[in-house]
Amino acid sequence: MVSKREVKYIQSLSQKKHRVQECLFIVEGEKAVEELLLSNWKVRRIYASSEWMHTHDQVSVPVEEAGEEQLQQMSGLQSARSVLALVEMPDPCELPAQPKGFTLVLDTVQDPGNMGTLLRIADWFGIRQIIAGEHAADLYNPKVIQSSMGSFLRVQVSYTPLKNWLEQYQSPIWGAVLDGPSVYEQASVEQAALIIGNEGHGIHPELLPFITQPISIPRIGRAESLNAAVATGILLSYLKRH
């Protein structure tokens, strides 16, 4: 069984400073771990229930049996799953100055749930590159990993000062704002970047001059704003419709 020391070590990985120090992060859940095992990401160790181990006896990664109480203690979720994996962080990829196709640019999106959902939305629309500001939610936050539903395996996230990156970018730059032209009137887009702003404050003023095409979702009702991930899904459903 898993020792108390191991449990405490895994709990520590819920904090960014420990993840960075150990170059490890946590992935929980049957589907996410199964996708992980089919990828080229390196899994250090798996902790799982006896039932999971019984149905996955051909796994090449070291697996350690954990009881329900131990899995709950290690889990960052309200209700623990039957399997948890420790995964090595890959080396940072070289930041693409001119990525091909459509790129999402996330300006200080700080909510981990939003960040994970944005990865999932990008994956749905075939977007393989997200450029995030330095203060955006950490990709390896357990809530980001969980809410991405495995999409973190397929969407590359790079962190950088956005002003510097946008200065180099040579394709059209769309920006989600409250008073821009309606997205319903736009043609589909193949090569561009779309800036999504902070959940409460929108796009930072220093980034607004880089926007070559402001865009908005017309409001019909009385809601003050839309969730960043919801707005992104609506915008991409029109901009990527072909």
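Residues numbered from 1 in each chain as written. Predicted model: local features only at pLDDT ≥ 70, side-chain atom pairs only at ≥ 80, totals over all residues. Heavy atoms only, no water.

**As for the packing of helix 6 (residues 112–124) against helix 9 (residues 228–239)**
Two packed helices can be described by the angle between their axes and the distance between those axes. Contact geometry of helix 6 with helix 9 gives a least axis separation of 9 Å together with a crossing angle of 15°. As judged from the angle between their axes, helix 6 and helix 9 are roughly parallel. Here helix 6 runs over helix 9; the crossing is right-handed. Together, Asn114, Thr117, Leu118 and Ile121 of helix 6 and Ala228, Ala229, Thr232, Gly233 and Leu236 of helix 9 make up the contact between the two elements. Considering only residue class, the contact of helix 6 with helix 9 consists of five nonpolar, four polar and no charged. (Axes fitted to C-alpha atoms, helices over the stretch in contact; angles between N-to-C directions. Helix = DSSP H or I, 4+ residues; strand = E, 2+ residues; numbered from the N terminus. Parallel < 35°, antiparallel > 145°, perpendicular 65-115°, else oblique. Left-handed = near helix turned anticlockwise from the far one by under 90°. Contact = heavy atoms within 4.5 Å. Nonpolar A, V, L, I, M, F, W, Y, C, P; charged D, E, K, R; others polar.)

**Things to note about the side chain of serine 158**
Here serine 158 shows up in strand 7 (residues 156–159). Beyond its immediate stretch of four places on either side in the chain, serine 158 contacts Leu95, Pro96, Gln129, Ile130, Ile131 and Ala132.

**Things to note about the pairing of strand 2 (residues 43–48)**
In this structure, strand 2 lies alongside strand 4 (residues 83–88), joined through five bridges in antiparallel fashion. Bridged to valine 43 within strand 4 is valine 87. (Pairing = 2+ DSSP bridges.)

**Topic: the pattern of salt bridges**
Throughout the structure, instances matching the rule amount to eight salt bridges. The salt bridge partner of arginine 19 is aspartate 138, with a shortest N-O separation of 2.7 Å. Pair noted here: arginine 19 is in helix 2 (residues 16–22) and aspartate 138 is in the loop between strand 6 (129–132) and helix 7 (142–148), with a separation of 119 residues, a long-range link. Residue arginine 19 shares its accessibility class with aspartate 138, and that shared class is buried. When salt bridges with common partners are traced through the structure, they connect Lys31, Glu35, Asp123, Arg128 and Arg154 into a single cluster. (Salt bridge = Lys/Arg side-chain N within 4 Å of Asp/Glu carboxyl O. Buried < 20%, exposed > 50% of the residue type's maximum accessible area, 1.4 Å probe, protein only.)

**Re the environment of valine 59**
Within the fold, valine 59 resides in the loop between helix 4 (50–55) and strand 3 (63–65). Residue valine 59 is classed as partly exposed on the basis of its relative accessible area of 23%. Along the backbone, valine 59 and glutamate 34 are 25 residues apart, and their C-alpha atoms lie at a distance of 9.9 Å. Those residues within four positions of valine 59 in sequence are excluded, and the remaining contacts are Leu37, Ile46 and Trp52.

**Some details on the sheet that holds strand 2**
Taken in spatial order, the four strands of this open sheet run 1-4-2-3, and their pairing is mixed. The sheet terminates laterally at strand 1 (24–28) and strand 3, the two strands that pair on one side only. When the angles between neighbouring strand axes are averaged without regard to direction, this sheet yields 20°. This element, helix 1 (residues 4–12), spans strand 1, strand 2, strand 3 and strand 4 of the sheet and lies at about 65° to strand 4.

**Quick word on the sheet that holds strand 7**
The strand order across the open sheet built from six strands is 7-6-5-9-8-10, with neighbouring strands paired in parallel fashion. Lying at the two open borders of the sheet, with one neighbouring strand each, are strand 7 and strand 10 (213–215). Each adjacent strand pair in this sheet contributes to an overall mean axis angle of 25°, direction not counted. Helix 9 rests against strand 5 (102–106), strand 8 (173–176), strand 9 (192–196) and strand 10 of the sheet, and its axis sits at about 155° to strand 9.

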